[in-house]
Amino acid sequence: MVYIVGAGPGAEDLITVRGLKLLQKADVVIYAGSLVNPGLLKETKEGCRIHDSGKMTLEDVMQEIEGAEQEGLMTVRLHTGDPCIYGAIREQMDAMDARGISYEICPGVSSFCGAAAALPMEYTLPEISQSVVITRMEGRTSVPKRESIRSFAAHQATMVIFLSAGMLKALSGELMAGGYDSATPAAIVYKATWPEEKVVRCTVGSLAEAGEREGIRKTALIIVGNTVAQSGYLRSKLYDPEFETEFRRSSHS
Ligand code: SAH
């Protein structure tokens, strides 16, 4: 059996209880060395075989998994954040399906949640934005044309941009070409929830300058939109004494 486990955004204690239990039981662990906190490996049992997937191809990973399956061992494939976001897990699942290997996903706390906690902010503020766009700039992996930063920027929703800290100048240009004013608030969150976490507040127009000043080129998220200011919103209906909910009667009734 293979468990695809989300390790969380960085801090060792932000793995889920289920994920931790699986890690403690694993005979084989294949972890994404560049982003998973190595401190988590202390949780593995004695004799657990540990591999850093940063040095492996998909074929290498599958060879390890197949070998473990033949020996009747349990494998944890440990991904950073939540595996469903830029985790390249579909190709692993397809390869396992083709070999008749059973697997299950254990979710994790994605870095976009870790970044919101670091700021701290709510991405969805009534009247300002009720949507979060998770996207990236095109890199070695292409992005479909209809999903350009420019086209998403036209919505003025909250945007969380992954895998783009090395392209801040181009990112800033795309955001403005799409309709964000250069003064729109923005933030760069580097290594959210790690001890070396850094939160840099700037504007859409000053993203590149802010990144350069702080020396941030990778392992960061860029958050943009009017919600970043965290002001000017309407309070929620859910906790308003004027309104009734399924669970609470209004103060008038
Ligand atoms: N599955 C992961 C994302 C993997 S893609 C998740 O759910 O978070 C790798 C990218 O995620 C990095 O380039 C960076 O943009 C972002 N990232 C991962 N961990 C981060 C962290 N702790 N702080 C800020 N950004 C992070």
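Up top is the structure these notes are about.
(A) Molecular detail of the sheet that holds strand β4 (residues 75–79). Overall, parallel pairing links the five strands, which are arranged β3-β2-β4-β1-β5 in an open sheet. Of all strands in the sheet, those with a lone pairing partner are β3 (49–52) and β5 (103–106), marking the two edges. Ignoring strand direction, the axes of neighbouring strands in this sheet form an average angle of 20°. As defined by bridge partners, strand β1 (residues 2–6) adjoins β4 across five bridges and the pair is classed as parallel. Bridging across to β4, Val-2 finds its partner in Thr-75. Each of β1, β2 (28–31), β3 and β4 touches helix α2 (residues 58–70); the most contacted strand, β2, lies at about 165° to it.

(B) Just the site of the ligand, in detail. Taken together, 18 residues form the shell around the ligand, and within it Ile-85, Ser-110, Ser-111, Ala-192 and Ala-220 come nearest. Between a nitrogen atom of the ligand and a main-chain N or O atom of Asp-82, the distance comes to 2.9 Å. The separation between an oxygen atom of the ligand and a polar side-chain atom of Ser-110 is 2.8 Å. Relative to its unbound accessible area of 540 Å², the ligand is 94% covered by the protein chains. When each cavity is represented as a set of grid points, the ligand is found to reside in the largest pocket. Here the shell around the ligand is built from residues that sort into eleven nonpolar, five polar and two charged.

Cut-offs applied
Residues numbered from 1 in each chain as written. Predicted model: local features only at pLDDT ≥ 70, side-chain atom pairs only at ≥ 80, totals over all residues. Heavy atoms only, no water. Pairing = 2+ DSSP bridges. Helix = DSSP H or I, 4+ residues; strand = E, 2+ residues; numbered from the N terminus. Axes fitted to C-alpha atoms, helices over the stretch in contact; angles between N-to-C directions. Contact = heavy atoms within 4.5 Å. Near = heavy atom within 4 Å. Polar contact = N/O pair within 3.5 Å; in protein donor to acceptor, adjacent residues only side chain to side chain. Areas by Shrake-Rupley, 256 points an atom, 1.4 Å probe, with all protein chains shown as cover. 1 Å grid on protein atoms, 1.4 Å probe; cavity = no way out; pocket = protein on both sides within 12 Å on 5 of 7 lines; lining within 4 Å. Sits in = over half its atoms within 2 Å of the grid points. Nonpolar A, V, L, I, M, F, W, Y, C, P; charged D, E, K, R; others polar.

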